[in-house]
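Listed below are the residues making up each chain.
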Amino acid sequence: MLLTCPVCKGELIRNGRTAVCANHHSFDYARQGYLNLYLSRGGSHGDSPESVKARTRFLQRGHYAFLKDRMRELTASFAHDVTVDLACGEGYYTAALCGNDKYGFDLSKDALKHASRNDPDTHYTVASIFSLPFADACADIVTTLFAPLAKEEIMRILKPGGVFISVTPAPDHLLELKQALYDEPYLNTVDEPPFPLADQLQISEIMKLDKDGIQDLFAMTPYFYHTSEKDRRKLDDIDSLAVMASFLIRIHRKPEKQ
Ligand SMILES: [Zn+2]
């Protein structure tokens, strides 16, 4: 196992329902199968249960299956002994990635409960993606979909020559939803790539959403938290909507020598 102790950084060894390091720091596996290596006490972190539920329902309808399938194809095309998905959420994409030994990290226990029940072969772990309990230079592939990029940690855990794949919304992603909500909808901005690019592609598909699909999509976007009650109500009057999902996939390779 490539997980490391969050206290002393030593290697963790699995012993039944517990993971232990040489210094006897010990961490219990949850009933559902994930491991909590996040040291902050109390409270819940990461996405709320409501937003996890909305996203799970939406993803189970298959609207983003074309992205999942593309991620499977992409990861199959690179060496994939060890694959790590950062901010993996409920593991919808993680489960589809190619990897002989797979790891998924997220702060949301609610999301990881779901992930580890559905995909018991992946090591799902509660941890901050900015302080990963993971060995240096062991990952062949690291992925981050729709989450901040933990640049230093990504470079630390990747093998030399390893591949990092990021997925972000393309400028016109969900534009029709924003047109329904706002008087002046804006295009998404795309950040400069964090590392030199090896390749980049954009994939798009039009989703035909019913009333529930519209509400779930809205609840899983950042707009949910930034939209006025008045604008929100506009969605109540819409029974169906065609919305384009459009993603920018960027592929980076860690240099063999630094
Ligand atoms: Zn330790």
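Up top is the structure these notes are about.
The text that follows walks through the structure, step by step, so that each part is easy to find.

Some details on unusual backbone geometry
Phi is positive for A87, which is not a glycine, with a value near 60°. Structurally, A87 can be placed in the loop between β5 (82-86) and β6 (101-106). One non-glycine residue, L174, lies in the positive phi region at around 60°. When you line up the elements, L174 lands in the loop between β9 (158-169) and α5 (175-181). Classification of L174 by C-beta neighbours within 10 Å gives buried; the count is 22.

Observations concerning the sheet that holds β9
Strand order across the open sheet formed by eight strands is β4-β7-β6-β5-β8-β9-β11-β10, with mixed pairing between neighbours. If you trace the sheet from one side to the other, it starts and ends with β4 (35-36) and β10 (197-210), each paired once. Pairing geometry for β9 and strand β11 (residues 240-253), over seven bridges, is antiparallel. Across the sheet, S166 pairs through a bridge with R250, a residue of β11. Those strands touched by helix α2 (residues 65-76) are β5, β8 (139-145), β9, β10 and β11, and its axis lies near 155° from that of β10. Seen against the sheet, helix α6 (residues 211-219) touches β10 and β11 and runs at an angle of roughly 140° to β10.

Structural notes on the packing of helix α1 (residues 49-60) against helix α3 (residues 109-118)
Close contact between α1 and α3 brings their axes to 8 Å; oriented N to C, the two are set at 35°. Two secondary-structure elements touch here, α1 through P49, V52 and T56 and α3 through D110, A111 and H114. Of the residues assigned to the contact of α1 with α3, the class counts are three nonpolar, two polar and one charged.

About the cut-offs
Throughout this document, residue positions are counted from 1 along each chain, in the order its sequence is written. Only residues with pLDDT of 70 or above have their local features reported here, since the model is predicted, and side-chain atom pairs are shown and tallied only from 80 upward, although totals for entire chains, interfaces and linings are computed over all residues. Here a helix means four or more residues in a row that DSSP labels H or I, a strand means two or more in a row labelled E, and each is numbered from the N terminus. We call a residue exposed when 12 or fewer other C-beta atoms sit within 10 Å of its C-beta, buried when the count reaches 20 or more, and partly exposed for counts in between; the C-beta positions come from the backbone. Only strands joined by at least two bridges in the DSSP assignment are considered to pair. Any two residues are considered in contact once their C-beta atoms, placed from the backbone, lie within 7 Å. To get an axis, a line is fitted to the C-alpha atoms, and for a helix only the part in contact is used. The angle between two axes follows their N-to-C directions and goes from 0 to 180 degrees. Ten residues, namely Ala, Val, Leu, Ile, Met, Phe, Trp, Tyr, Cys and Pro, are considered nonpolar, four, namely Asp, Glu, Lys and Arg, are considered charged, and the remaining ones, Gly among them, are considered polar.

Remember, this is a structural readout, not a statement about activity or role.
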